[in-house]
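# Tertiary structure, described
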Amino acid sequence: MADGDGGGAWPPGFFDRADERDDADFYAPPRLVTHIDDAAIAAVTRLYDELGVPEGRVLDLMSSWVSHLSRRPDGGLAVLGMNAAELDANPLADERVVQDLNVDPTLPFADASVDAVTCCVSIDYLVRPVEVLREVDRVLRPGGVVVLTFSNRCFPTKVIRGWLSTDEAGRAAIVRAYLERAGFDDVRTELRNPGRRGDPLYAAWARSA
Ligand SMILES: C[S@@+](CC[C@H](N)C(=O)[O-])C[C@H]1O[C@@H](n2cnc3c(N)ncnc32)[C@H](O)[C@@H]1O
């Protein structure tokens, strides 16, 4: 069992998962699909544009064949995920890293080397999210932005129990707490797409000091 940040801030079992087997086994088959509907994806892309994400070098964490960017970022795109075939199929990426962040949360990037870090519909799979987000803060240049987006769809056996045991407002509070415990100030959380007939899209973002 992981405790998320080594600080004991979360209730016992919060970061347990129904399927505690190696993530590499679960993510071995490529899934060249989209995990949220078109309206939710459009909300992600719109937010990235509003925050100026494509204007610098971007790192898309827990990435796949799509990064939901409106265009190739001016500084290029690095993608990190579990499946090499998915990352190879990402048409905007110029750097690809296969890494299990639940085993090794250390990001293989230099300090202050990226302008934006994105992570779409995946934060709920991390068992050491605060460690990963501290690393995000390290690799972001001062003023760089981290953008976490999430919905209500998931692979339930791989999601942490704390996420499954609460509602959407509770999940927004969890993501805010992750960012704040990682050292980010002025965290914004918003429902960006209500998804009344489809997938809701929530976002949390903050800038590195
Ligand atoms: C629901 S998919 C989302 C993919 C992509 N971000 C998107 O928006 O379509 C979850 C992604 O999280 C990645 N992932 C899951 N567990 C991971 C882990 N332990 N370390 C790194 N990436 C992980 C998988 O590779 C998978 O691509």
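Here the structure is a predicted model, which is why all the values come from computation and not from measurement.

The environment of the ligand is formed by 18 residues, the closest being Met62, Gly81, Met82, Leu101 and Cys120. Classifying every residue of the shell around the ligand by side-chain character gives 8 nonpolar, 7 polar and 3 charged.

Now for the pairing of strand β4 (residues 114–120). In terms of burial, β4 is a largely internal element, 7 of the 7 residues being buried. Looking at chain direction, strand β1 (residues 58–61) and β4 are connected through 4 bridges and run parallel. Directly across from leucine 59, in β4, lies its bridge partner valine 117. Bridge count for β4 against strand β5 (residues 140–150) is 6 bridges, and the pairing is parallel. Looking at β5, one finds that cysteine 119 is bridged to leucine 148.

A separate point is the environment of serine 208. Within the secondary structure, serine 208 is located in the segment after β7 (201–207). Through-space distance from the C-alpha of serine 208 to that of phenylalanine 184 is 6.4 Å; in sequence the pair is 24 residues apart. Those residues in contact with serine 208 that lie beyond four places of it in its chain are Asp137, Leu140, Arg141, Pro142, Gly143 and Gly144.

Another point: unusual backbone geometry. In this structure, histidine 68 takes a positive phi of about 65° despite not being glycine. Mapped onto the secondary structure, histidine 68 falls in the loop between β1 and β2 (77–81). Overall, histidine 68 belongs to the buried group, with 24 C-beta atoms counted inside 10 Å. Backbone geometry places alanine 112, a non-glycine residue, at a positive phi of 50°. Its location among the elements puts alanine 112 in the loop between β3 (95–98) and β4.

Here we take up the environment of valine 146. On the secondary structure map, valine 146 appears in strand β5. Separated by 93 residues in sequence, valine 146 and valine 53 have C-alpha atoms that sit 9.2 Å apart.

Before going further, it helps to examine the sheet that holds β4. A sheet is described by the order of its strands in space; here 7 strands give the open sequence β3-β2-β1-β4-β5-β7-β6, paired in mixed fashion. Of all strands in the sheet, those bounded by a partner on one side alone are β3 and β6 (185–193). Strand after strand, the sheet turns through a mean of 15° between neighbouring axes, direction not considered. With respect to the sheet, helix α2 (residues 38–50) is in contact with β4, β5, β6 and β7, its orientation differing from that of β6 by roughly 145°. Against the sheet, helix α6 (residues 168–181) touches β5, β6 and β7, its axis set at about 15° to β7.

Cut-offs and rules
Residues numbered from 1 in each chain as written. Predicted model: local features only at pLDDT ≥ 70, side-chain atom pairs only at ≥ 80, totals over all residues. Near = placed C-beta within 6 Å. Nonpolar A, V, L, I, M, F, W, Y, C, P; charged D, E, K, R; others polar. Buried ≥ 20, exposed ≤ 12 C-beta atoms within 10 Å, placed from the backbone. Helix = DSSP H or I, 4+ residues; strand = E, 2+ residues; numbered from the N terminus. Pairing = 2+ DSSP bridges. Contact = placed C-beta atoms within 7 Å. Axes fitted to C-alpha atoms, helices over the stretch in contact; angles between N-to-C directions.

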